Amino acid sequence: MTFQFSKESQDKISVLLEKYPNKAAGLLPVLYIAQAQEGWVSDEAMAAVAKACDVPEVRAREVATFYTMYNKKPVGKYHIQVCTNISCSLMGSKHIYEYLSNKLGVKAGETTKDKLFTLSKVECLGSCGTAPMMQVNDQFYEDLTPEKVDTILDGFK
């Protein structure tokens, strides 16, 4: 399977890369554009990103595999990332993760059978003062309780 940027993605990349002194400097946001287009960053997408940024494929792969914000396999329509760093842990993120895992019937890194939800544990989402928290796609949800989780999930169905 070959990955190709859509016309819309190509236009975004062209505008973006004009802002940088060289194409390689745009590697992270171009990876993000690839992910926004497909929902994840496949090996083929990494190769297309490398070409767009004029870097070796291995460099695009190094960056994509280093950062947890890039999905290296397909995820559900709603990607739920539960923060597990110290502040969230102290405030009950383990219980929120376990509640979500039981409710959805999946463990970290798994996607529900209907492909609606993927559950992940992440190290830090940078919202320590409002712990425990989770991110669903690009939206933060803070001061979580099981009741709040239910309301959030019900809004996605």
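As the structure is a prediction and not an experimental result, all values here were calculated from the model.

1. What about the overall build of the chain?
Scanning the chain from N- to C-terminus turns up seven helices and five strands. The order of α-helices and β-strands along the chain, N terminus first, is α-α-α-α-β-α-α-β-β-β-β-α. Projected onto its principal axes, the C-alpha coordinates of the chain cover approximately 45 × 35 × 25 Å. Here the analysis covers contacts within the chain between residues at least 6 apart in sequence; of these, 61% occur between residues at least 24 apart. Summed over its atoms, the accessible surface of the chain is roughly 9,200 Å², and 53% of this surface lies on carbon and sulfur atoms. Measuring between centres, the 18 positive side-chain charges of the chain sit 3 Å from its 19 negative side-chain charges.

2. What about the packing of aromatic side chains?
If you walk through the whole model with that rule in mind, you get six aromatic pairs. Relative to tyrosine 67, the ring of phenylalanine 66 lies with its centre 4.8 Å away and its plane at 90°, an arrangement referred to as edge-to-face. Look at tyrosine 67 and you get partly exposed, because its relative accessible area is 33%. Consider the rings of tyrosine 78 and phenylalanine 117, whose centres lie 5.7 Å apart with planes at 35°: the pair is tilted. Residue tyrosine 78 is located in strand S1 (residues 78-83), and its partner phenylalanine 117 is located in strand S3 (residues 117-122); the two are separated by 39 residues in the primary sequence. In terms of burial, tyrosine 78 and phenylalanine 117 fall into one category: buried. An aromatic cluster is present here, built from Tyr78, Phe117, Tyr141 and Phe156 joined pairwise through their rings. One cation-aromatic arrangement involves lysine 121 over tyrosine 97; the distance from NZ or CZ to the ring centre is 4.4 Å.

3. Here we look at the environment of glutamine 81
Along the chain, glutamine 81 falls in strand S1. When the C-alpha atoms of glutamine 81 and glycine 109 are compared, they prove to be 9.7 Å apart, with 28 residues separating the residues in sequence. For glutamine 81, the contacting residues outside a window of four places in its chain are Ser120, Val122, Leu125, Met133, Met134, Gln135 and Asn137.

4. A closer look at the side chain of threonine 112
Examined against the element boundaries, threonine 112 turns out to sit in the loop between strand S2 (110-111) and S3. Judged by its relative accessible area of 9%, threonine 112 falls in the buried class. Within polar-contact distance, the side chain of threonine 112 engages the side chain of aspartate 114 at 2.5 Å.

Criteria and thresholds
- Residues numbered from 1 in each chain as written.
- Predicted model: local features only at pLDDT ≥ 70, side-chain atom pairs only at ≥ 80, totals over all residues.
- Heavy atoms only, no water.
- Helix = DSSP H or I, 4+ residues; strand = E, 2+ residues; numbered from the N terminus.
- Contact = heavy atoms within 4.5 Å.
- Areas by Shrake-Rupley, 256 points an atom, 1.4 Å probe, with all protein chains shown as cover.
- Lys, Arg positive; Asp, Glu negative; His and termini not counted.
- Charge placed at Lys NZ, Arg CZ, Asp CG, Glu CD.
- Phe/Tyr/Trp six-rings, centres within 6.5 Å; stacked < 30°, edge-to-face > 60°.
- Buried < 20%, exposed > 50% of the residue type's maximum accessible area, 1.4 Å probe, protein only.
- Lys NZ or Arg CZ within 6 Å of the ring centre and 35° of its normal.
- Polar contact = N/O pair within 3.5 Å; in protein donor to acceptor, adjacent residues only side chain to side chain.

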